[in-house]
Amino acid sequence: MALAINTHKLQALIEEPFVVPSPHELRREGTVFFIGGSLPVFETLETMYESHCQESSGLFHVTFSGRDELQSNLELVRQIKKNFSVRMMGRINYDLPDRLFEQLYLAGLDLLDIPWHVLAGTTRTSGHDRLPALVKAAAAFPRWSLTSSILSDEMEVQAVRIAIDNLLDKGLVPLLSMPARAGAVGRDDATGLFGYLADAWQRYDVPVKPLLPLIRLSTPLEPCESGGFLRSAIDRFHDRRMMVSSDLRRHLRTSGAEASFESSGL
């Protein structure tokens, strides 16, 4: 899918950057429902149901809280998956043992975002050392389902471009967003980086459609052309088929894991 920069939206993001909600917030922006992992399960589900009935959502985005709350966060994800048929994305803001990523997928996450900065300050500090860790995490998910968010001022411009290419080479989806400080990045640098990202996605044929609700909010990128009513209907049908296939694969993996436990007497 070809994406282009909306210059008016770029200026708006420079003046007021998009900020991912905290683990304690529940809010809706556009067609994205942002859900804090620390929120109580049933009260959150009730509020989400009322909002979803009023207007359908394109993506549920769960921001996980601290390591000690991982299991309660996963229970929230499971309950959301049971009650809604909407693609769900998680964001982990801390380093996680490789063995736990399977739990994230089986709980119901379709997409997972591990920000580029998360592994900084750990034993895996350089960009080249981060990639193997991200690849291991991605192994628990279908191809192109793991993303890594990069702030446009996180590194020098050339270093950001190199990180984008390195991620794509490994089958990971780089996401780019403006820093929280308004005006921290110049218009020319931002235009160049977002243009480079859009070209790179197209060069690697990345299926960005599942991420479009978030891309529309956090970046100045948008599809070059509108497909019209018929194209939109076909896209919705294709997207629904992909969701059903994804849920079936998850169910089969869950059943296989349970059978393995039972045969082992666990």
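This is a predicted model, so every value here is computed, not measured.

Q: So what exactly am I meant to see when it comes to the sheet that holds strand E4 (residues 59–63) here?
A: Neighbouring strands of a sheet are bound in pairs by backbone hydrogen bonds; such pairs are parallel or else antiparallel. Strand order in the open sheet formed by seven strands is E2-E3-E4-E5-E6-E7-E8, with mixed pairing between adjacent strands. The open sheet has two edge strands with one neighbour each: strand E2 (26–29) and strand E8 (173–177). On average, adjacent strands in this sheet sit at an angle of 25° to one another, irrespective of strand direction. In this sheet, E8 lies alongside strand E7 (residues 146–151) in parallel orientation, the contact comprising five bridges. Counterpart to leucine 151 in the pairing with E8 is serine 177.

Q: I'm lost on the packing of aromatic side chains in this one. Help?
A: Any aromatic ring pair is given by two values, namely how distant the centres are and how the planes are angled relative to each other. Considering all chains together, one arrives at four aromatic pairs under this definition. Consider the rings of phenylalanine 60 and phenylalanine 84, whose centres lie 5.3 Å apart with planes at 85°: the pair is edge-to-face. Taken together, the residues phenylalanine 60 in strand E4 and phenylalanine 84 in the loop between helix H3 (70–83) and strand E5 (88–91) connect sequence positions 24 residues apart. When the centroid spacing of 5.4 Å and the interplanar angle of 75° are considered together, the rings of tyrosine 105 and phenylalanine 141 count as edge-to-face.

Q: Explain unusual backbone geometry to me, please; I cannot follow it from the model alone.
A: Glycine aside, residues mostly have negative phi, and peptide bonds are mostly found in the trans state. Despite not being glycine, tryptophan 144 shows a phi value in the positive range, around 65°. Position of tryptophan 144 relative to the elements: it lies in the loop between helix H5 (127–138) and E7. Accessibility expressed as a relative area gives 12% for tryptophan 144, which makes it buried. A positive phi is found at aspartate 205, a non-glycine position, where the angle reads about 55°. Inspection of the secondary structure puts aspartate 205 in the loop between helix H7 (187–203) and helix H8 (212–218).

Q: Help me understand the nonpolar core, please; the structure alone is not making it clear to me.
A: Here is a general trend for soluble globular proteins: nonpolar side chains tend to be buried in one another's company. Phe60, Phe64, Ile80, Leu104, Leu112 and Trp201 are the most contacted members of the largest nonpolar core, which totals 75 residues. Here the element with the most residues in this core is H7; it accounts for seven residues. If we skip the residues at most four places from it in the chain, phenylalanine 60 touches Phe33, Ile35, Met48, His52, Ile80, Phe84, Val86, Arg87, Met88 and Met89.

Q: What should I look at first to understand the packing of helix H2 (residues 41–54) against H3 in this one?
A: The angle between the axes and the distance between the axes are what describe a pair of packed helices. Where H2 contacts H3, the two axes come as close as 10 Å, and the packing angle between them is 35°. Classified by chirality, the crossing of H3 by H2 is right-handed. Note on element contacts: H3 touches H2 through Leu76, Gln79, Ile80 and Asn83, opposite Val41, Thr44, Leu45 and Met48. Partitioning the contact of H2 with H3 into residue classes produces five nonpolar, three polar and no charged.

Q: Is there a simple way to think about the pairing of E7 in this case?
A: Every other side chain in a regular strand lies on the same face of the sheet, so the side chains alternate between the two faces. Across the six residues that make up E7, a large majority, five, are buried. Judged from the two bridges that link them, strand E6 (residues 111–113) and E7 form a sheet pairing that is parallel. Its bridge partner lying in E7, leucine 112 is registered against leucine 146.

Q: What's the story with the pairing of strand E3 (residues 32–36) in this structure? I'm lost.
A: Of all five residues that make up E3, five are buried, and the element is covered over most of its length. Side chains Val32, Phe34 and Gly36 project from E3 onto one buried face, and the interleaved Phe33 and Ile35 project onto a second face that is buried too. The pairing of E2 with E3 spans four bridges and is antiparallel. Among the inter-strand pairings, leucine 26 is bridged to a residue of E3, identified as isoleucine 35. Here E2 folds back onto E3, and the loop between the two strands holds two residues, one of which, glycine 30, carries a positive phi near 60°. In this structure, E3 lies alongside E4, joined through five bridges in parallel fashion. Within the sheet, the bridge partner assigned to glycine 36 lies in E4 and is threonine 63. Assessed by its sense of winding, the connection that carries the chain from E3 through H2 to E4 is right-handed.

Q: How do you make sense of the pattern of salt bridges when you look at a structure like this?
A: Pairs can form between side chains of opposite charge once their charged atoms are near each other. Following the criterion strictly, the structure yields seven salt bridges and no others. Arginine 27 is paired through a salt bridge with glutamate 25; the nearest N and O atoms lie 2.9 Å apart. Accessibility expressed as a relative area gives 25% for arginine 27, which makes it partly exposed. Residue classification places glutamate 25 among the partly exposed residues on the basis of a relative accessible area of 31%. Between glutamate 29 and arginine 27 there is a salt bridge; the shortest N-O distance is 2.5 Å. Taking the relative accessible area as the measure of exposure, glutamate 29 reaches 22% and is therefore partly exposed. Connected via shared salt-bridge partners are Glu25, Arg27 and Glu29.

Definitions and cut-offs
Residues numbered from 1 in each chain as written. Predicted model: local features only at pLDDT ≥ 70, side-chain atom pairs only at ≥ 80, totals over all residues. Heavy atoms only, no water. Pairing = 2+ DSSP bridges. Helix = DSSP H or I, 4+ residues; strand = E, 2+ residues; numbered from the N terminus. Axes fitted to C-alpha atoms, helices over the stretch in contact; angles between N-to-C directions. Phe/Tyr/Trp six-rings, centres within 6.5 Å; stacked < 30°, edge-to-face > 60°. Buried < 20%, exposed > 50% of the residue type's maximum accessible area, 1.4 Å probe, protein only. Core = buried A, V, L, I, M, F, W, Y, C linked by side-chain atoms within 4.5 Å. Contact = heavy atoms within 4.5 Å. Left-handed = near helix turned anticlockwise from the far one by under 90°. Nonpolar A, V, L, I, M, F, W, Y, C, P; charged D, E, K, R; others polar. Right-handed = clockwise from strand over helix to strand, strands pointing away. Salt bridge = Lys/Arg side-chain N within 4 Å of Asp/Glu carboxyl O.

Functional significance is not addressed by these values, which are geometric in nature.
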